[in-house]
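# Working through the structure, step by step
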Amino acid sequence: MASEMGQPKGRAVLFCACSGACPSMEKIDFWALAERVRLELGDKVEFLALHPRLCEGDGEKLMERLLTPTLKFITPACAEKRQEKLLRDGFAKAGVPMDEEHWIPISMAQQDTEAVFARIKAALADGAPGKE
Ligand code: SF4
């Protein structure tokens, strides 16, 4: 269903590395993951970015700058339910709804690099902006 905010026309990947020291993400090689997404999926995204703590003030400031209703954001970070709560202010500051047209959260908690890459790839696979 179309949002009043406008239909996303492309996708972007916004990683949160959780300071790079979260025990639940110890099997994630953030640099290898970001580079693989860039090399293998780069043609499917408008941009990718990585921040160490999106739920802190500076992370929210970045989100305010980057997020736009014209893109659908894939956010590999903590568990989806946590993201819903912790990224809420960043989305709100950007004026982008956290609905399925604009947002695909991906949990990296208790995952490894390969599994997260596969989930990002799947999130980009249908190639239809605005659809899951
Ligand atoms: S948004 Fe989630 S993954 Fe990112 S710093 Fe906060 S708790 Fe960690």
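About the cut-offs
- Residues numbered from 1 in each chain as written.
- Predicted model: local features only at pLDDT ≥ 70, side-chain atom pairs only at ≥ 80, totals over all residues.
- Heavy atoms only, no water.
- Helix = DSSP H or I, 4+ residues; strand = E, 2+ residues; numbered from the N terminus.
- Buried < 20%, exposed > 50% of the residue type's maximum accessible area, 1.4 Å probe, protein only.
- Contact = heavy atoms within 4.5 Å.
- Areas by Shrake-Rupley, 256 points an atom, 1.4 Å probe, with all protein chains shown as cover.
- Lys, Arg positive; Asp, Glu negative; His and termini not counted.
- Charge placed at Lys NZ, Arg CZ, Asp CG, Glu CD.
- Near = heavy atom within 4 Å.
- Nonpolar A, V, L, I, M, F, W, Y, C, P; charged D, E, K, R; others polar.
- Salt bridge = Lys/Arg side-chain N within 4 Å of Asp/Glu carboxyl O.
- Pairing = 2+ DSSP bridges.
- Axes fitted to C-alpha atoms, helices over the stretch in contact; angles between N-to-C directions.

Before going further, it helps to examine the overall build of the protein chain. Each helix and strand in the protein chain was counted, giving five helices and four strands. Its helices and strands in sequence order give the protein chain the pattern β-α-β-α-β-α-α-β-α, from N to C terminus. Projected onto its principal axes, the C-alpha coordinates of the protein chain cover approximately 40 × 30 × 20 Å. Burial statistics for the protein chain: of 132 residues in total, 43% are counted as buried. Restricting to contacts in the protein chain with at least 6 residues of sequence separation, those with at least 24 account for 78%. Total accessible area computed for the protein chain in this model is approximately 7100 Å², and 52% of it derives from carbon and sulfur atoms. The positive charge centre, built from 18 side chains, and the negative charge centre, built from 21, are 1 Å apart in the protein chain.

Contacts to the ligand come from Cys16, Cys18, Met25, Arg53, Cys55, Ala77, Cys78, Arg82, Leu86 and Leu87. Looking at the shell around the ligand residue by residue, the class counts come to eight nonpolar, no polar and two charged.

With a phi angle near 70°, Ser19 is a residue other than glycine that sits in the positive phi range. On the secondary structure map, Ser19 appears in the loop between strand S1 (10-16) and helix H1 (30-41). Residue Ser19 is classed as partly exposed on the basis of its relative accessible area, which comes to 41%. Phi at Gln110 takes a positive value of approximately 60°, unusual for a residue other than glycine. Relative to the assigned elements, Gln110 resides in the loop between strand S4 (103-107) and helix H5 (113-125). Residue Gln110 is classed as exposed on the basis of its relative accessible area of 64%.

This part takes up the pattern of salt bridges. Within the structure shown, the criterion is met by six salt bridges. Between Arg36 and Glu40 there is a salt bridge; the shortest N-O distance is 2.8 Å. Of this pair, Arg36 and Glu40 are both found in helix H1, four residues apart, which corresponds to roughly one turn of the helix. Residue Arg36 is classed as partly exposed on the basis of its relative accessible area, which comes to 26%. Overall, Glu40 belongs to the partly exposed group, its relative accessible area being 43%.

Let us now look at the pairing of S4. Of all five residues that make up S4, five are buried, and the element is covered over most of its length. Burial of the side chains of S4 extends over both faces: Trp103, Pro105 and Ser107 are buried on one face and Ile104 and Ile106 on the other. Strand direction decides the pairing type here: strand S3 (residues 71-77) and S4, joined by five bridges, are parallel. Of the residues in S4, the one forming a bridge with Thr75 is Pro105.

On to the sheet that holds S4. Within a sheet, neighbouring strands are paired by backbone hydrogen bonds and run either parallel or antiparallel to one another. The strand order S2-S1-S3-S4 describes an open sheet built from four strands, whose pairing is parallel. Two strands bound the open sheet, and with one partner strand each, they are strand S2 (47-51) and S4. Shown here is a sheet whose adjacent strand axes are inclined to one another by a mean of 15°, direction ignored. Direction of pairing for S1 relative to S2: parallel, over a ladder of five bridges. Considered in S2, the bridge of Cys16 is made with His51. Against the sheet, H1 touches S1 and S2, its axis set at about 170° to S1. Against the sheet, helix H2 (residues 57-66) makes contact with S1, S2 and S3, and its axis sits at roughly 165° relative to S2, the strand it touches most.

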